[in-house]
Each structure stands twice: as C-alpha cells, then as structure tokens.
Protein chains: 2
Amino acid sequence: MSTEDLLRLDLQLCFPLYAASRAMVQAYTPLLAKLGLTYPQYLVMLVLWETDGVTVKELGEKLYLDSGTLTPLLKRLETLGMLRRERSREDARSVTASLTPQGKALRRKAAAIPEAIACRTGLTLEELSRMRRDVQRLFEKLSKQ
Amino acid sequence: MSTEDLLRLDLQLCFPLYAASRAMVQAYTPLLAKLGLTYPQYLVMLVLWETDGVTVKELGEKLYLDSGTLTPLLKRLETLGMLRRERSREDARSVTASLTPQGKALRRKAAAIPEAIACRTGLTLEELSRMRRDVQRLFEKLSKQ
DNA sequence: TCCAATTGAATTGCGCGCAACTGAATTGGC
DNA sequence: GCCAATTCAGTTGCGCGCAATTCAATTGGA
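Only a predicted model underlies this, so the values are computations on that prediction, with no experimental measurement involved.

Scoring rules and cut-offs
- Residues numbered from 1 in each chain as written.
- Chains lettered and ligands numbered in written order.
- Predicted model: local features only at pLDDT ≥ 70, side-chain atom pairs only at ≥ 80, totals over all residues.
- Heavy atoms only, no water.
- Pairing = 2+ DSSP bridges.
- Helix = DSSP H or I, 4+ residues; strand = E, 2+ residues; numbered from the N terminus.
- Contact = heavy atoms within 4.5 Å.
- Buried area = accessible area lost by both parts, 1.4 Å probe.
- Salt bridge = Lys/Arg side-chain N within 4 Å of Asp/Glu carboxyl O.
- Nonpolar A, V, L, I, M, F, W, Y, C, P; charged D, E, K, R; others polar.
- Near = heavy atom within 4 Å.
- Polar contact = N/O pair within 3.5 Å; in protein donor to acceptor, adjacent residues only side chain to side chain.
- Buried < 20%, exposed > 50% of the residue type's maximum accessible area, 1.4 Å probe, protein only.
- Core = buried A, V, L, I, M, F, W, Y, C linked by side-chain atoms within 4.5 Å.
- 1 Å grid on protein atoms, 1.4 Å probe; cavity = no way out; pocket = protein on both sides within 12 Å on 5 of 7 lines; lining within 4 Å.
- Points joined across faces, edges and corners; volume = space filled by probe spheres on them.

Asks: Please explain the sheet that holds strand β1 (residues 54-55) of chain B as it appears in this structure.
Replies: Sheet strands line up and pair through hydrogen bonds in the backbone, either parallel or antiparallel. Residues and elements named next belong to chain B. What the three strands build is an open sheet, ordered β1-β3-β2; its pairing is antiparallel. Where the open sheet ends on each side, the last strands, each with one partner, are β1 and β2 (83-87). Here β1 pairs with strand β3 (residues 95-99) via two bridges, running antiparallel. Pairing of Val 54 across the sheet is with Ala 97, part of β3.

Quick look at the structure:
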C-alpha cells in the first residue's frame, strides 16, 4: 500500500473506532435520559452498583479517567442525589463515593438497558462477545507504554 | 445470563469501545503534536488532503460531525494557517474550506503516522483490516435509526 | 411572483476528557 | 522524629461533541 493510501480516511482503523464509540454513546443517550444520566455518569453508576463505596482513585483505575474528569462528574451525581462524597477517615487525602438509596434504586430501572443496546447492534451474543474481546485487546495494546 | 451479569462493566461492549477509542486518540496525540494538530483536526485534514475545497456540510457528512463542532474547529485550523474558509459564490449559505500551501505541505509530515499507529496496535495488516470492517459494521448498525 | 418551508452555518450552553498545576495528607528514609 | 518525596483530590483552561436555537439564503409550490 502507498503512503497515499495509508492516509485515506476509509482505510484507518481509528476513524471507525471513533465514529462507533460516539454512535454507541448516542444509542445509550435516549435510554439514559429516562434515568437522568449521561453516558459517563452511567459508567460510574455501573461501578458503584457492583462495588459501593469506592474512592476517586479506584473509580479512575476502573474507568481510565482522572480526577479532572471524575471530581466534577461526581459532584453532579451528588447534586442529583445518586451518591454521597466524603473524605476517608483512614486517609484524609482520598474521597469515597457511596450510593444513596435513590442511587441504589436506579439499578432496577437500568436493568433493561444492556439488552436493548445488544439488540440495536444486530449481533449475536457470540459475535458481541468476540468483538468485546478483540476491542479489549486493542485497548490493552494501545494503553500500555 | 442474569440481569445482575448484564450490568457488569466487564461484560459491556460499550466500555471497551469507549476506552479503546480514547486510547487510540492518546496514541495519536504525541505524533500529531509535532504537526500542531489535535485528533479531530487531523481527521479534517485527512478529508482535505483527499478532496480539497469541501463545504462544512460535506465535512459533516464524511466525519459525522455537525456545524457546532466543525465551525470553531475550522476557525482554529484557519488561525493555524492550514486552510481558508470562504462563503460559496453559487450558494451563499455554504462555506468552503480550502487548504493553504502550508496545509498541503503538512501532508508529507503526516505520512509516517498511519504506519506508526499500526505498529502500536501489534496487529497484522489482515487483523487490522478485519477489525476495521467489524467496527465499521457495528457503527452502521448503531447509526441507522 | 410571492412567500412559506427548507437548508446551511453559526451561536449558545453544557458535560466531558485531559494536560498542567495546586495544596493538603501521608509515607519512607535517615 | 524529621522532612523530602510521593500520593490524592481538586482546580484551571481548552478543545471537542452535541442539542437547541438563530438567522440568512435558497427552494419550491400556488
């Protein structure tokens, strides 16, 4: 392939990835709007529904986001009444986010979302699983070093 | 799979996609910094290097971005001296972006980027090609309707 | 030839992402 | 026990993305 070709938009992997990621968020948006959440806020809630009471640092490690993104996002979720933020007693540098009853209750309303999205992709569960694994591997290659 | 499982972060396709897309942009960032470009600005340049003199509308159709994103982005590229923006004479509603000599010249410096990124993924050209096709198909499914 | 509907770009407002920095708390080497 | 180095959250600033709106130019039907 020539240098000419290598710069062609339709031959890049980055562009479909970028477009698909945005289209995925757009697919979630109307479903999440019913819960009053944005997509990144939904990711934080997924973590908290699995493991309540996590620090900003732990959230950052799971979601690959830093405090510059998470601090204002968590403040918004706190304002919405989904969680409480409080300084850790053991280590006053860290802040822990814990679900309110309302935040916990939202889980039931979110339960229908994954299947709705899976349907939208038109892929079988096996295809979805393989794709997730492949994209995950790509992420790991790109993120290390 | 239970509803419990369906909400697990590590079983979603959306999250690897979101993380990989951001990691891909991060991989480009230091390479593009040498050209003075951000990743979305680079995408606009890719379009212009293929087809010089496109309207905001055409750019939006190729990149799936709207004027709210493109107008300020194009103004920044104009300030950088990469392109000129001018009202079309045939239809005064539309605005055309055309490369300056400096914008055209930047292509040569960008020529090395695609291969550098391809190496970073650690995938063969066949694997990259298959992945691009799969992600492209996912995008098409998600974006229609 | 009107003029209502449509189109295209620009603007506004908001929520990310992220780099760079700040400041307080903790740790670890001596 | 001291203090330099590190860690953690928060802040600032900027560039997207995108919804919603505005406004001017064009189109198309009566």
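Asks: I would appreciate a short explanation of the interface of chain B and chain A in the present structure.
Replies: Interface size, as often reported, equals the accessible area lost upon joining of the parts. Taken together, the 55 residues of chain B in the interface contact 55 residues of chain A. Of the roughly 5600 Å² buried between chain B and chain A, counting both surfaces, carbon and sulfur atoms make up 70%. When the area that chain B buries against chain A is broken down by residue, the three leading residues are Leu7(B), Arg132(B) and Leu142(B), summing to 13%. At the boundary of chain B with chain A, the tally comes to two salt bridges. Note that Arg130(A) is salt-bridged to Asp134(B), the shortest N-O span being 4.0 Å. Breaking the side of chain B that touches chain A down by element, the ones donating at least two residues are α1 (3-6), α2 (14-33), α3 (39-50), α4 (56-63), α6 (101-110), α7 (113-121) and α8 (125-143) of chain B. Of the residues contributing to the side of chain B that touches chain A, the split by class is 35 nonpolar, seven polar and 13 charged.

Asks: What am I meant to see in the protein's contact with DNA strand C here?
Replies: Taken together, 28 residues are adjacent to DNA strand C, and Thr38(A), Arg76(A), Tyr18(B), Arg22(B) and Lys75(B) come closest. Sugar and phosphate atoms form 75% of the subset of DNA strand C atoms that lie within 4 Å of the protein. Thr38(A) is positioned with one of its side-chain polar atoms (N or O) 2.7 Å from a phosphate oxygen of DNA strand C. Between DNA strand C and Ala92(A), the relevant distance is 3.0 Å, taken from a phosphate oxygen to a main-chain nitrogen or oxygen of the residue. Counting residues per element, the ones that place at least two in the surface near DNA strand C are α3 (39-50) and α5 (67-79) of chain A together with α2, α4, α5 (67-79) and β2 of chain B.

Asks: Explanation requested: the protein's contact with DNA strand D in the structure shown.
Replies: Taken together, 28 residues lie near DNA strand D, and Tyr18(A), Arg22(A), Ser67(A), Lys75(A) and Arg76(B) sit nearest. Sugar plus phosphate, as a fraction of atoms of DNA strand D within 4 Å of the protein: 76%. Note that a phosphate oxygen of DNA strand D is positioned 2.7 Å from one of the side-chain N or O atoms of Arg22(A). Between DNA strand D and Val56(A) there is a distance of 3.2 Å, counted from a phosphate oxygen to a backbone nitrogen or oxygen. If you list the elements that add at least two residues to the surface near DNA strand D, you get α2 (14-33), α4 (56-63), α5 and β2 (83-87) of chain A together with α3 and α5 of chain B.

Asks: Just checking my understanding: could you explain the pattern of salt bridges for this structure?
Replies: Any two side chains of opposite charge can pair, given that their charged atoms come close. Residues and elements named next belong to chain A. Across all of its chains, the model carries 18 salt bridges over all chains by this definition. Of the charged contacts, one joins Asp 134 and Arg 133 as a salt bridge, the two residues approaching to 2.9 Å between their closest N and O atoms. In this structure Asp 134 comes out as buried when scored by relative accessible area, which is 15%.

Asks: Before we go on, may I ask you to explain the nonpolar core in this structure?
Replies: Inside soluble globular proteins, nonpolar side chains tend to come together where they are buried. Judged by nonpolar contacts, the single largest core of 99 residues is most densely connected at Tyr42(A) and Tyr42(B). Once residues within four sequence positions are removed from consideration, Tyr42(B) is found in contact with Leu7(A), Tyr28(B), Leu32(B), Leu37(B), Trp49(B), Ala110(B), Ile113(B) and Pro114(B).

Asks: Help me understand the layout of surface pockets, please; the structure alone is not making it clear to me.
Replies: Over the atoms rolls a probe the size of a water molecule, and its path tells where empty space is left. There is about 450 Å³ of room inside the largest pocket. Residue lining of the largest pocket: 22 residues in total, with Arg130(A), Met131(A), Asp134(A), Arg130(B) and Asp134(B) positioned closest to the centre. Every element with two or more residues in the lining of the largest pocket is listed here: α8 (125-143) of chain A together with α8 of chain B. In terms of residues, the lining of the largest pocket owes the most to one element, α8(A), which gives nine residues. Class assignment of the residues belonging to the lining of the largest pocket gives a composition of seven nonpolar, three polar and 12 charged. Roughly 390 Å³ of volume is contained in the second largest pocket. Broken down by secondary-structure element, the contributors of at least two residues to the lining of the second largest pocket are α2, α7 (113-121) and α8 of chain A. For the lining of the second largest pocket, the leading source of residues is α7(A), giving five residues. Here the lining of the second largest pocket is composed, by residue class, of 12 nonpolar, three polar and two charged.

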